[in-house]
Amino acid sequence: MEIEVDFNITEPVFAQLIRQIKDAVSAALLRPGDPLPPIRQLAADLELNTKTVAKAYRLLERDSVVQTQGYRGTFIHPDAEANSAIDLNVWLGDQLRDKLAELRTSGATDSEIRVAFNNAMNERGLPRKSGVRREGHQ
């Protein structure tokens, strides 16, 4: 399997890597247990920053397409074929569209939704705070 990146398209390089590895798994060019090149080697071969390749590998691991085995390397996950068919970005988009429709139906304006979304994103890792109390709720 040969991985190529195209710097002339809008798709981020790490996303190109993810897509190509998932496509290779789906086409059975990569099978469970097959090794992937080490991060540094792939980065050098493609003339990329190691952080770009590491990000792609990290996201593939999160999605159970690959598994890292410490110093032994990174290998195709046993469930990679099924997991390669899942696109988390599509799922997230669907979830956000559904929630936006619900919020708009409740009367929230797009501006209010943006402010609330930005506030929620800036509170990453912090406990949820409930600053608004409604009648009957404590």
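Remember, it's a predicted structure, so these values are computed and weren't measured experimentally.

A. Geometry of the overall build of the protein. The number of helices and strands found in the protein is six helices and three strands. Buried positions account for 25% of the 138 residues belonging to the protein. Once local pairs closer than 6 in sequence are excluded, the contacts in the protein between residues at least 24 apart make up 44%. For the protein, the exposed surface amounts to about 10500 Å²; the carbon and sulfur share of it is 51%.

B. How the structure looks around the sheet that holds strand 1 (residues 35-36). Strand order in the open sheet formed by three strands is 1-3-2, and the pairing between neighbours is antiparallel. Edge positions in the sheet fall to strand 1 and strand 2 (66-68), since each of these pairs with one other strand and no more. One ladder, built from two bridges, connects strand 1 with strand 3 (residues 74-76); its direction is antiparallel. In the sheet register, Pro35 faces strand 3, and the bridge partner there is Phe75. Along the sheet, helix 3 (residues 50-62) makes contact with strand 1, strand 2 and strand 3, crossing strand 2 at roughly 110 degrees.

C. Up close: the packing of aromatic side chains. Applying the stated rule across the entire model yields zero aromatic pairs. For Lys55, the ring lying beneath its charged end belongs to Phe14, and the centroid distance is 4.0 Å.

D. Quick peek at unusual backbone geometry. Despite not being glycine, Ala28 shows a phi value in the positive range, around 65 degrees. For Ala28, the position within the fold is in the loop between helix 1 (13-26) and strand 1. Overall, the relative accessible area of 34% leaves Ala28 in the partly exposed class. Of note, Ser64 is a non-glycine position whose phi angle comes to about 55 degrees, a positive value. Of the residues examined, Ser64 reaches a relative accessible area of 25% and is grouped as partly exposed.

E. Highlighting the confidence of the model for the protein. Put simply, the protein has an average pLDDT of 90, and 89% of its residues get 70 or more. Counting contacts from residues 129-138, a segment whose pLDDT is below 50, to residues more than four positions away or on other chains yields one contact.

F. Examining the side chain of Gln16 more closely. Following the sequence through the fold, Gln16 ends up in helix 1. Within the local environment of Gln16, its side chain forms a polar contact with the backbone oxygen of Glu11, the two atoms lying 3.0 Å apart. With residues up to four places along the chain from it excluded, the contact list for Gln16 reads Glu4, Val5, Asp6, Ile9 and Glu11.

G. Highlighting the packing of helix 1 against helix 3. For the pair helix 1 and helix 3, the least separation of the axes is 8 Å and the interaxial angle reads 45 degrees. Considering their axes alone, helix 1 and helix 3 lie oblique with respect to each other. Between helix 1 and helix 3 the crossing geometry is right-handed. Across the interface between the two elements, Val13, Phe14, Leu17, Ile18, Ile21 and Lys22 from helix 1 touch Thr52, Val53, Lys55, Ala56, Tyr57, Leu59 and Leu60 from helix 3.

H. Spotlight on the environment of Gln67. Relative to the elements of secondary structure, Gln67 occurs in strand 2. Judged by relative accessible area, which is 25%, Gln67 ranks as partly exposed. Along the primary structure Gln67 and Ala80 are separated by 13 residues, whereas in three dimensions their C-alpha atoms are 9.4 Å apart. Gln67 has contacts with Glu61, Gly73, Thr74, Phe75, Ile76, His77 and Pro78, leaving out every residue within four places of it along the chain.

The rules behind the values
- Residues numbered from 1 in each chain as written.
- Predicted model: local features only at pLDDT ≥ 70, side-chain atom pairs only at ≥ 80, totals over all residues.
- Heavy atoms only, no water.
- Helix = DSSP H or I, 4+ residues; strand = E, 2+ residues; numbered from the N terminus.
- Buried < 20%, exposed > 50% of the residue type's maximum accessible area, 1.4 Å probe, protein only.
- Contact = heavy atoms within 4.5 Å.
- Areas by Shrake-Rupley, 256 points an atom, 1.4 Å probe, with all protein chains shown as cover.
- Pairing = 2+ DSSP bridges.
- Axes fitted to C-alpha atoms, helices over the stretch in contact; angles between N-to-C directions.
- Phe/Tyr/Trp six-rings, centres within 6.5 Å; stacked < 30°, edge-to-face > 60°.
- Lys NZ or Arg CZ within 6 Å of the ring centre and 35° of its normal.
- pLDDT = per-residue confidence, 0-100.
- Polar contact = N/O pair within 3.5 Å; in protein donor to acceptor, adjacent residues only side chain to side chain.
- Parallel < 35°, antiparallel > 145°, perpendicular 65-115°, else oblique.
- Left-handed = near helix turned anticlockwise from the far one by under 90°.

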